[in-house]
Amino acid sequence: MTSKEAQKVFDMLVENKNLDEILNTPLEEQRRMWEEYAAAAKIPEGIRIIKEKINDIDVEWLIPEKGAMDQVIVYFHGGGLNQGSIITHRKLCAYVALYTGKRVLVHDYPLAPEHPYPAALNASTGLYLTLLMRGFDPEKIIFGSDSSGSTLSLATMLQLRDQKEPLPGASFHFSPMIDYSLSGESLEERKEREPQLFIEDLEMTADFYCEASVRKEPYVSPIFGDFTGFPPMLIHVGSEEMLWSDAERLAQQSKDNGVHVAFKSWEGLWHVFQSKAETVPESRESLKETAIFLKEIKNNQM
């Protein structure tokens, strides 16, 4: 049963859903408004923040007290690959650090349409390889992501595998958006249940990121890739999401390719519900389950 706190947020999302505002607000203004709102969010206590540049990309380390210093979660933020930043995802990444006990590295990869595919992919792959050059053990690196960030996370692993580079030790994906061809059945089947996204918005997102001719290439839409050799992955998705099919197909295809997968569809919840960890019990429970999953991997219990 959905908690009263979750239901309150869900109802608010439905009430504020406005396609005209999305389509008629310039992208730069949407970015500014999101960052302005997110900058005021309070992060949990016990998290230290360190800023630096890696390969000319702004990054932020979120470090929990008594965290494991030899382990790092490289976090790929969502936002359609045309919005989102260190600022918009600072609170979520802080909660990930808090619950997992691991430091989180979130990076400002280049955004479309100013920097279309493959700019963000190449930057993300370069960031990971730089961590390896710094001496990080790939088995102690974890890829985390939400929404379209999962496209980058998975595409980076595809590119690394194809280049015969070592892969990270695990990955987790919150509400993955990994099909820029928009072929998932739930886009139609769940559009009336979806509390915040619109197909028109998703189509605009795809247009910003890449040409139509490449949208079924695995580095653009990882759902069309082969995940053989990938590390264990966790996938959490809300049952009311238009993008539910992306998560379900990722879980099934990964299993078919021999990957250990922990998949869960959370009843009554929305896209990236983990971002409300300060108020919604299910958000915190998802983070707890992610932490348990990562601990089991570390203890070789998979």
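Provided above is the structure to which this section pertains.
Residues numbered from 1 in each chain as written. Predicted model: local features only at pLDDT ≥ 70, side-chain atom pairs only at ≥ 80, totals over all residues. Heavy atoms only, no water.

A few points about the overall build of the protein
Along its length, the protein carries ten helices and eight strands. A compact globule built from 302 residues would reach a C-alpha radius of gyration of about 19 Å, and the protein, at 18 Å, matches this within 12%. Projected onto its principal axes, the C-alpha coordinates of the protein cover approximately 50 × 45 × 40 Å. Considering only intrachain contacts with a sequence separation of at least 6, the fraction spanning at least 24 residues in the protein is 79%. On the protein, roughly 13,200 Å² of surface is accessible, and the fraction owed to carbon and sulfur atoms is 50%. (Helix = DSSP H or I, 4+ residues; strand = E, 2+ residues; numbered from the N terminus. Rg over C-alpha atoms; globule rule 2.2 N^0.38 Å. Contact = heavy atoms within 4.5 Å. Areas by Shrake-Rupley, 256 points an atom, 1.4 Å probe, with all protein chains shown as cover.)

A few points about helix H5 (residues 119-133)
With 15 residues, H5 should cover 21 Å at 1.5 Å per step; its first-to-last C-alpha distance of 21 Å lies within 8% of that length. Where H5 is concerned, the buried positions are Ala120, Leu121, Ala123, Ser124, Thr125, Leu127, Tyr128, Thr130, Leu131 and Leu132. After H5 finishes, the residue Gly135 shows a positive phi value of roughly 105 degrees. (Expected span 1.5 Å × (residues − 1). Buried < 20%, exposed > 50% of the residue type's maximum accessible area, 1.4 Å probe, protein only.)

Some words on the packing of H5 against helix H6 (residues 149-162)
Where H5 contacts H6, the two axes come as close as 9 Å, and the packing angle between them is 65 degrees. By the angle between their axes, H5 is roughly perpendicular relative to H6. Note that H5 runs across H6; the crossing there is right-handed. Facing Ala120, Leu121, Asn122, Ser124, Thr125, Tyr128 and Leu129 of H5, the residues of H6 in contact are Leu152, Ala155, Thr156, Gln159 and Leu160. Considering only residue class, the contact of H5 with H6 consists of seven nonpolar, five polar and no charged. (Axes fitted to C-alpha atoms, helices over the stretch in contact; angles between N-to-C directions. Parallel < 35°, antiparallel > 145°, perpendicular 65-115°, else oblique. Left-handed = near helix turned anticlockwise from the far one by under 90°. Nonpolar A, V, L, I, M, F, W, Y, C, P; charged D, E, K, R; others polar.)

Describing the sheet that holds strand E1 (residues 47-54)
Here eight strands make up an open sheet; going across it, the order is E1-E2-E4-E3-E5-E6-E7-E8 and the pairing mixed. One side of each edge strand has no neighbouring strand; the edge strands of this open sheet are E1 and strand E8 (261-266). Adjacent strand axes in the sheet meet at a mean angle of 20 degrees when their direction is disregarded. Here helix H10 (residues 281-298) sits on the sheet and contacts strand E3 (68-76), strand E4 (102-107), strand E5 (141-146), strand E6 (170-174), strand E7 (233-238) and E8; the angle it forms with E6, its principal contact strand, is near 165 degrees. (Pairing = 2+ DSSP bridges.)

Some details on the side chain of Glu60
Residue placement: Glu60 occurs in strand E2 (residues 57-64). When its relative accessible area of 1% is taken as the criterion, Glu60 is described as buried. Reaching out from Glu60, the side chain makes a polar contact with the side chain of Arg90 at a distance of 2.8 Å. With near-sequence residues (within four places) excluded, Glu60 lies in contact with Ile49, Ile50, Lys51, Ile86, Arg90, Val104, Leu105 and Val106. (Polar contact = N/O pair within 3.5 Å; in protein donor to acceptor, adjacent residues only side chain to side chain.)

Describing the pattern of salt bridges
Following the criterion strictly, the structure yields 17 salt bridges and no others. The shortest N-O distance in the salt bridge between Glu114 and Arg31 comes to 2.8 Å. Of this pair, Glu114 sits in the loop between E4 and H5 while Arg31 sits in helix H3 (residues 27-39), placing them 83 residues apart in sequence. Here Lys264 ties to Glu289 by a salt bridge, and the two come within 2.9 Å at their closest N and O atoms. Placement of Lys264 in strand E8 and of Glu289 in helix H10 is noted, with a sequence separation of 25 residues between them. For Lys264, a relative accessible area of 30% translates into the label partly exposed. Linked through salt bridges whose partners overlap, the residues forming this network are Glu28, Arg31 and Glu114. (Salt bridge = Lys/Arg side-chain N within 4 Å of Asp/Glu carboxyl O.)

Thoughts on the side chain of Asp146
Here Asp146 is to be found in strand E5. Buried Asp146, no salt bridge; nearest opposite-charge side chain is Lys91, N-O distance 12 Å. Polar side-chain contacts of Asp146 include one of 2.8 Å to the side chain of Tyr75. Setting aside residues no more than four positions away along its own chain, Asp146 makes contact with Tyr75, Phe76, His77, Gly78, His89, Leu92, Phe174 and Val272. (Lys, Arg positive; Asp, Glu negative; His and termini not counted.)

With respect to H3
Over its 13 residues, H3 extends 18 Å from the first C-alpha to the last, a length consistent with the 18 Å expected when each residue adds 1.5 Å. When we look at burial in H3, the residues that qualify are Leu27, Gln30, Arg31 and Ala38. Buried residues of H3 fall within an arc of 100 degrees about the axis and therefore sit on the same side. Summarising the geometry of H3, the exposed residues directed more than 90 degrees from the buried face are Glu28, Glu36, Tyr37 and Ala39. Summarising the contacts, the buried residues of H3 are in contact with helix H2 (19-24) and helix H8 (199-209). (Arc of directions from axis to C-beta.)

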